[in-house]
Amino acid sequence: MSKITHHIPEEMLCAYAAGTLPQPFAVVIAAHVSLCDACRAAVETEAALGGALLSGMVPATVSEDAKERLFAALDSAPLPPPQQRGSGIFPAPVMEALNGQPPRWKMLGGGIRQQILSANAEGSLRLLYIPRGRAVPEHTHGGLELTLVLQGSFSDCEGWFGTGDVEVASDDVDHQPVAGDEGPCICLAATDAPLRFRAMIPRLLQPLFRI
Ligand SMILES: [Zn+2]
């Protein structure tokens, strides 16, 4: 993997560690964190700080009896499922979103393919496949878009993004990602509002994207 140079902004990592992000963003961040030592260390520090803060908030007046009942309840709680393993270019959080299955790509025209992993009021999460050298139609966002490169690379007005890199694009960015020449680019993208495509034809196609 190329060296990761575009990371998750700190305030977003804090929100992720606190569990307050919309689910599509949380999946993109979990996938980046699984690939990036620096962000993983930051999340672990954040989580430890949050835990210390929480334990400081537990009132000292909880009776021994209540504590015992709580620990008994925790002991009998079902174990969380074993962490799903990543597969190929897909880190574990992406495999989980794919229900352990390979992507079922839907053709969007121009060789571009996508699979929507989730789409609801919280936003949308999708995988995007861009053939080498191809561009995604120019678009702006009604909100925030997080894009993680899983394979290959892309460039846009914000810079060059290689495998493991994350682009955070706010609604004022009018961008047109173009896949690198080394091969197809596969990305995981989360948006918190529908994209607004600029050109007429992509706008007509937007219902197909369902994003
Ligand atoms: Zn990072």
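Residues numbered from 1 in each chain as written. Predicted model: local features only at pLDDT ≥ 70, side-chain atom pairs only at ≥ 80, totals over all residues. Heavy atoms only, no water.

If you check an unreviewed UniProt entry, the chain appears there as ChrR family anti-sigma-E factor from Alloyangia mangrovi.

(A) Looking closely at the coordination of the zinc ion. Note on the zinc ion: its protein donors are His7 (ND1), His32 (NE2), Cys36 (SG) and Cys39 (SG). The metal-donor distances range over 2.1 to 2.3 Å. For the zinc ion, the four donor atoms in the first shell make angles of 94 to 125° at the metal, so the coordination geometry reads as tetrahedral. Spacing between the donor residues of the zinc ion along their common chain follows H-x24-H-x3-C-x2-C. You'll find Cys36 and Cys39 in the same group, each marked buried. (Donors = N, O, S within 2.8 Å, 3.2 Å for Na, K, Ca; no water. Tetrahedral: all angles 85-135°; square planar, octahedral: opposite > 155°, others 65-115°. Buried < 20%, exposed > 50% of the residue type's maximum accessible area, 1.4 Å probe, protein only.)

(B) Structural context of the sheet that holds strand 2 (residues 112-120). Spatial ordering of the open sheet is given by 1-2-3-10-5-8, a layout of six strands whose pairing is antiparallel. Each edge of the sheet is formed by a strand with only one pairing partner; in this case those strands are strand 1 (106-109) and strand 8 (166-169). Mean inter-strand twist for the sheet, computed between neighbouring axes without regard to direction, equals 25°. Where strand 3 (residues 123-130) lies against strand 10 (residues 185-191), seven bridges are found, and the strand directions are antiparallel. Residue pairing for strand 10: Tyr129 is matched across the bridge by Ile186. Where helix 2 (residues 23-35) meets the sheet, its contacts fall on strand 2, strand 3, strand 5 (145-151), strand 8 and strand 10, and the angle it forms with strand 10 comes to roughly 140°. (Pairing = 2+ DSSP bridges. Helix = DSSP H or I, 4+ residues; strand = E, 2+ residues; numbered from the N terminus. Axes fitted to C-alpha atoms, helices over the stretch in contact; angles between N-to-C directions. Contact = heavy atoms within 4.5 Å.)

(C) Representation of empty space enclosed by the protein in the model. Counted under the stated rule, the structure contains one cavity of 30 Å³ or more. Here the largest cavity defines a volume of roughly 90 Å³. Along the walls of the largest cavity sit 13 residues, with Leu128, Val136, Glu145, Thr147 and Pro177 positioned nearest its centre. Within the residue set of the lining of the largest cavity, elements represented by two or more residues are strand 3, strand 5 and strand 10. (1 Å grid on protein atoms, 1.4 Å probe; cavity = no way out; pocket = protein on both sides within 12 Å on 5 of 7 lines; lining within 4 Å. Points joined across faces, edges and corners; volume = space filled by probe spheres on them.)

(D) Geometry of the nonpolar core. If you look at the biggest cluster of nonpolar residues, it comprises 30 residues, and the most contacted ones within it are Ile29, Phe90, Leu127 and Leu188. The set of elements that each furnish at least two residues to this core consists of helix 1 (10-17), helix 2, helix 3 (37-57), helix 5 (92-97), strand 3, strand 5 and strand 10. The biggest single contributor to this core is helix 2, with six residues. The contacts of Phe90, once residues within four sequence positions are left out, are Met95, Leu98, Pro103, Leu127, Leu150 and Ile186. Among the nonpolar cores identified, the runner-up in size contains 11 residues, and Leu128, Val136, Phe154 and Phe161 belong to it. (Core = buried A, V, L, I, M, F, W, Y, C linked by side-chain atoms within 4.5 Å.)

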